Amino acid sequence: MAPVGVDDDQLKVMRREANMPEFRSETAREDYERARRLRVVMKIIGVIVALLVWSGFMYWIGGGRGGKPGGPSAVAHSGHDHDDHKKIEIDPVGSPQAKVRIECVLPEGTDCHDPIIKFLQETAAKRPAEIRVEFKGMSDYDEADLTNKAGSFCAAVLVNDRPDHEIVSEGKRRVVNLVGTIPTHYSLWDLGETIRHIHEQAYGKAEDAIFELPEGEERKPANVPETPVEEVPKKEFKLTLPGFKELTKDNE
């Protein structure tokens, strides 16, 4: 119970002073207070240092600007964050007046499409007046525009503005979709046969091969269903002439 005439704040001060250690001199009391304040300051500095060390550690394991695995910048180096990479700068091959026009849309920051690039360059170089190939980056498009052209926001090879074509290849009819990359979504054989099919429609059957596969590349499509080309069946026409009895009966 507080003494008469003492409020709560004064009571707290009295209790604190009663619990404080006794000092032989005022100098000893000042030394004690100074040491106590120093301990408080050191604790605060310790907490701040610990927070800085923790923040630095989290920044380091997160990758920071160094691009360490697992950090935020790991996405930028995976080829999907196009803003952190240079634009695709590959010269076109072939005449702008060619009837076979190829647009190769590539993701920036990855070399997984290098075989496709080389194949298209070599194919267009064989017939530059008839085949034209241009290379663009995915970041050159708005997501909606590329999705409208290719069917999805993804790498693609557009032949005459389309990624999907129904072709006849070695006696079999199949649909080739050139969205994605090799060999998961299509093969170089699929790409070459699509170019051959479109070229044949525009210029007629060529005397020599339209394309050449790299050494070791198989002449087979990706896992896409094939159907044999069906010939239109010939209808048999049977002429039946009326007999003598029928003619006689009609004349009566």
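Within each chain, residues carry numbers counting from 1 in the order of the written sequence. Side-chain atom pairs in this predicted model are given and counted only at pLDDT of 80 or more, local residue features only at pLDDT of at least 70, and totals for whole chains, interfaces and linings cover all residues. Hydrogens and waters are ignored; side-chain quantities use all the structure's heavy atoms.

Asks: Can you walk me through the packing of aromatic side chains in this structure?
Replies: Geometry of an aromatic ring pair is reported as the spacing of the ring centres plus the angle between the planes. Aromatic rings from Phe, Tyr and Trp, with only the six-membered ring used for Trp, were paired whenever their centres fell within 6.5 Å, and each pair was classed as stacked if the ring planes differed by under 30 degrees, edge-to-face if by over 60, and tilted otherwise. This model, assessed by the stated rule, comprises two aromatic pairs. Pairing Phe-119 with Phe-211 gives two aromatic rings, centres 5.8 Å apart and planes at 65°, and the pair type is edge-to-face. Residue Phe-119 is found in helix H4 (residues 114-126), and its partner Phe-211 is found in the loop between helix H6 (188-203) and strand E6 (227-228); the two are separated by 92 residues along the sequence. A ring pair is formed by Trp-189 and Phe-211, whose centres lie 5.7 Å apart and whose planes are at 65°; its orientation type is edge-to-face. Each helix corresponds to a stretch of at least 4 residues labelled H or I by DSSP, and each strand to a stretch of at least 2 residues labelled E; elements are numbered beginning at the N terminus.

Asks: For this particular structure, what's the right way to read the pattern of salt bridges?
Replies: It is possible for side chains bearing opposite charge to pair when their charged atoms get close. When a carboxyl oxygen of Asp or Glu lies within 4 Å of a side-chain nitrogen of Lys or Arg, that pair is called a salt bridge. Counted according to the given criterion, the structure contains 13 salt bridges. Asp-140 serves as the salt-bridge partner of Lys-87, at 3.9 Å between the closest nitrogen and oxygen. Taken together, the positions of Lys-87 in the loop between helix H3 (73-76) and strand E1 (100-106) and Asp-140 in the loop between strand E2 (131-137) and helix H5 (143-150) put the pair 53 residues apart, joining distant regions of the chain. A 1.4 Å probe rolled over the protein chains alone gives each residue an accessible area, and that area as a share of the maximum for its type sets the label: buried under 20%, exposed over 50%, partly exposed in between. In this structure Lys-87 comes out as partly exposed when scored by relative accessible area, which is 47%. Taking the relative accessible area as the measure of exposure, Asp-140 reaches 42% and is therefore partly exposed.

Asks: What is the right way to look at the nonpolar core in this model?
Replies: What tends to happen in soluble globular proteins is that the nonpolar side chains get buried as a cluster. Buried residues of nine kinds, namely Ala, Val, Leu, Ile, Met, Phe, Trp, Tyr and Cys, make up a nonpolar core once their side-chain atoms join them within 4.5 Å. Grouped together as the largest cluster of nonpolar side chains are 27 residues, with contacts concentrated most on Ile-102, Ile-116, Leu-120, Val-157, Leu-191 and Ile-195. In contact with Leu-120, other than residues within four places in its own chain, are Ile-102, Cys-104, Val-133, Phe-135, Val-157, Leu-191 and Ile-195. The next biggest cluster of nonpolar side chains, apart from the first, holds eight residues, and it includes Val-105, Tyr-141, Ala-150 and Ala-156. Note on definitions: a residue-residue contact is assigned when non-hydrogen atoms from the two residues lie within 4.5 Å.

Asks: Please explain the side chain of His-113 as it appears in this structure.
Replies: By secondary structure assignment, the location of His-113 is in the loop between E1 and H4. On the accessibility criterion, His-113 (7% relative accessible area) is buried.

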